[in-house]
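Commentary on secondary and tertiary structure
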Amino acid sequence: MNDNLNIPELDIDPYSEENLLDPYPMHERMREAGPVVRLTPYGDLLACARHAETHAVFNDHVRFISSAGVGLTNFNLEAPFRPKSLILEVDPPLHTQNRAVLSRILSPKVVMQIRAAFTAEAEALVDRCLEKSVAHDQIDGIEDLAQPYPLKVFPDAVGLGDDGRENLLIYGDMIFNSMGPRNELLAKSTARVGEVTQWIMVHCQRDQLRPGGFGDQIYQAADAGEIDPQHAPLLVRSFLSAGVDTTINGIGNALYSLAHHPDQYAMLHADHSLARPAFEEALRWESTVQTFFRTAAGDCEIAGLPVRDNTKVLCMLASANRDPRKWAEPTRFDIQRRPSGHMALGSGIHGCVGQAVARLEGEVVLTALAKRVKRIEVAGVHTRRLNNTLRALDTLPLRLIPV
Ligand code: HEM
């Protein structure tokens, strides 16, 4: 391999507080430096910030594997801190087998069946938010809307009981922090790791799951011999780790985007059928999952530049989603854009298996708002919840003006 080809080196730490708070200037520097860059604060770490290369790496699961972890830690060199995910952190053929079962459980057809219940819940919650906004002059878009909605509908669909669901939030925050470096954010979020992990593992057992729910269906697939019965609890765990914090922040970021673009909200209010494309554009514009990694399985190249065996590659999904090489006016939030090809839900064999559920949640919440709320006003300064992987809000003061 010709190592003389130059990969630009950048002294950028994607996990500094400054870059987590406002990643967009960093994205631009990385994209403009080259198709692949080396981030010197992390030694050999490479990163792709443009759409073409991020997409290419995600779609080459043979050369860029997930089984060495999709975070910064290289599982070939260091043991993962928890048993590996049997879907996200495995390669074919095990991935193919497990993925087939999860894809069927979360298929678009199944999602049609849960649509009515998810819609009713969204409408009831938006009604409560509207009442509160009128009575108290504002709501918190996160605490009152973005958080309670997924925390109700998704665990209900998985078949979890009502008690202790706040553990899902603590667990999600920890898992997504664990994909970055061992910084203060990770240390803080792992403060209760033992107790919360214990709760999660207990609630992945069959006797804790309502018969017929998504979780129980994983056990049914094991009964039918489609997956290893010992894998069932960890596959339920995948739903619980990946299915709550992601949608909370997806909805939170969509509310933020719409509140800061009153012209776009007015368009949605006038035409409710824009709810789905509006959610999609919010995923592109303010991507919930900012980054995931791959690891090179053998010496290879990205855009003609050499990549050594076992090198970690940071794929900047959020940056790809604002790459001017791919998108016209990428910084403009435009709910009529139809941003097909965005990377917010991944791409390739590991592309989000829960995407039909995520899109349903986003669509029904935005539809319920569009029908009942004439205007969404920013009612104060929002605060961010910093996380090594997620773009998340802690608070989002909003005023909902009824129709
Ligand atoms: C807005 C919400 C969501 C976002 C932004 C999101 C984002 C993503 C992304 C970027 C990936 C690709 C990971 C990779 O390639 O390494 C992924 C995979 C995955 N997602 Fe989601 N997700 C969301 C909602 C959900 C929901 C509701 C579930 C429900 C169970 C879910 C379950 C999963 C699982 C299990 C995987 C691993 C798939 C595989 O490795 O084959 N996600 N998600």
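Before any of the text, the structure's been laid out above.
Since we're looking at a predicted model, the values are computed, not measured. (Residues numbered from 1 in each chain as written. Predicted model: local features only at pLDDT ≥ 70, side-chain atom pairs only at ≥ 80, totals over all residues.)

1. Some remarks on unusual backbone geometry
The omega torsion across Pro 92 and Pro 93 is 10°, close enough to zero to call that bond cis. Mapped onto the elements of the fold, Pro 93 is located in the loop between β4 (64-65) and α4 (94-105). Backbone geometry at Ala 303 places phi at a positive 50°, although glycine is not the residue there. Structurally, Ala 303 can be placed in the loop between β7 (300-302) and β8 (305-307). With 14 C-beta atoms packed within 10 Å, Ala 303 lands in the partly exposed category. Unusually for a residue other than glycine, Glu 329 sits at a positive phi of about 45°. Among the secondary structure elements, Glu 329 is positioned in the loop between α16 (317-320) and α17 (355-372). Overall, Glu 329 belongs to the exposed group, with 9 C-beta atoms counted inside 10 Å. (Helix = DSSP H or I, 4+ residues; strand = E, 2+ residues; numbered from the N terminus. Buried ≥ 20, exposed ≤ 12 C-beta atoms within 10 Å, placed from the backbone.)

2. What to know about the sheet that holds strand β13 (residues 397-402)
The strand order β5-β13-β10 describes an open sheet built from three strands, whose pairing is antiparallel. The open sheet terminates on both sides in strands that have one partner only, identified here as β5 (139-140) and β10 (373-378). By the bridge criterion, five bridges tie β10 to β13 in an arrangement that is antiparallel. In the sheet register, Glu 377 faces β13, and the bridge partner there is Arg 399. Most of the contacts of helix α5 (residues 108-136) go to β13, to which it runs at about 100°, and overall it touches β5, β10 and β13. (Pairing = 2+ DSSP bridges. Contact = placed C-beta atoms within 7 Å. Axes fitted to C-alpha atoms, helices over the stretch in contact; angles between N-to-C directions.)

3. Things to note about the packing of helix α15 (residues 275-285) against α17
Between α15 and α17, the least distance of the axes is 8 Å, while the angle of their chain directions is 120°. Comparing the axis directions of α15 and α17 gives the class oblique. Here α15 runs over α17; the crossing is right-handed. Contact residues: Ala 275, Arg 276, Ala 278 and Phe 279 in α15; Arg 359, Gly 362, Glu 363, Leu 366, Thr 367 and Ala 370 in α17. Among the residues forming the contact of α15 with α17, the class breakdown is five nonpolar, two polar and three charged. (Parallel < 35°, antiparallel > 145°, perpendicular 65-115°, else oblique. Left-handed = near helix turned anticlockwise from the far one by under 90°. Nonpolar A, V, L, I, M, F, W, Y, C, P; charged D, E, K, R; others polar.)

4. So, the site of the ligand
Taken together, the neighbourhood of the ligand is formed by 26 residues, with Gly 243, Gly 250, Gly 346, Cys 352 and Gly 354 sitting nearest. Elements with a contribution of two residues or more to the shell around the ligand: α12 (232-242), α13 (245-259) and α17. By residue class, the composition of the shell around the ligand is 15 nonpolar, 10 polar and one charged. (Near = placed C-beta within 6 Å.)

5. Digging into the nonpolar core
Grouped together as the largest cluster of nonpolar side chains are 113 residues, with contacts concentrated most on Leu 255, Ala 278, Val 313, Cys 315 and Met 316. Per element, the largest residue contribution to this core is nine residues, and it comes from α17. Not counting residues up to four positions away in its chain, the partners in contact with Val 313 are Leu 46, Ala 47, Cys 48, Val 57, Phe 64, Phe 293, Arg 294 and Ala 296. (Core = buried A, V, L, I, M, F, W, Y, C linked by C-beta atoms within 7 Å.)

6. Some details on α13
Relative to the 21 Å expected for 15 residues at 1.5 Å per residue, α13 spans 21 Å between its end C-alpha atoms, a close match to the ideal helical length. Most of α13 sits out of view: 15 of its 15 residues are buried. (Expected span 1.5 Å × (residues − 1).)

7. Topic: the pairing of β13
Within a regular strand, the side chains alternate between the two sheet faces. Here β5 runs beside β13; their pairing, made up of two bridges, is antiparallel. Of the residues in β13, the one forming a bridge with Asp 140 is Pro 397.

8. Some points on the environment of Gly 298
On the secondary structure map, Gly 298 appears in the loop between β6 (291-296) and β7. Here the alpha-carbon distance between Gly 298 and Asp 309, two residues 11 residues apart in the chain, equals 4.0 Å. Those residues in contact with Gly 298, other than ones at most four positions away along the chain, are Arg 63 and Asp 309.

9. A look at the sheet that holds β4
Here six strands make up an open sheet; going across it, the order is β1-β2-β3-β9-β6-β4 and the pairing mixed. Bordering the open sheet on either side are β1 (9-10) and β4, each of which pairs with just one other strand. In this fold helix α3 (residues 51-58) packs onto β3 (46-48), β4, β6 and β9 (312-316), with an angle of close to 125° to the strand it touches most, β9.

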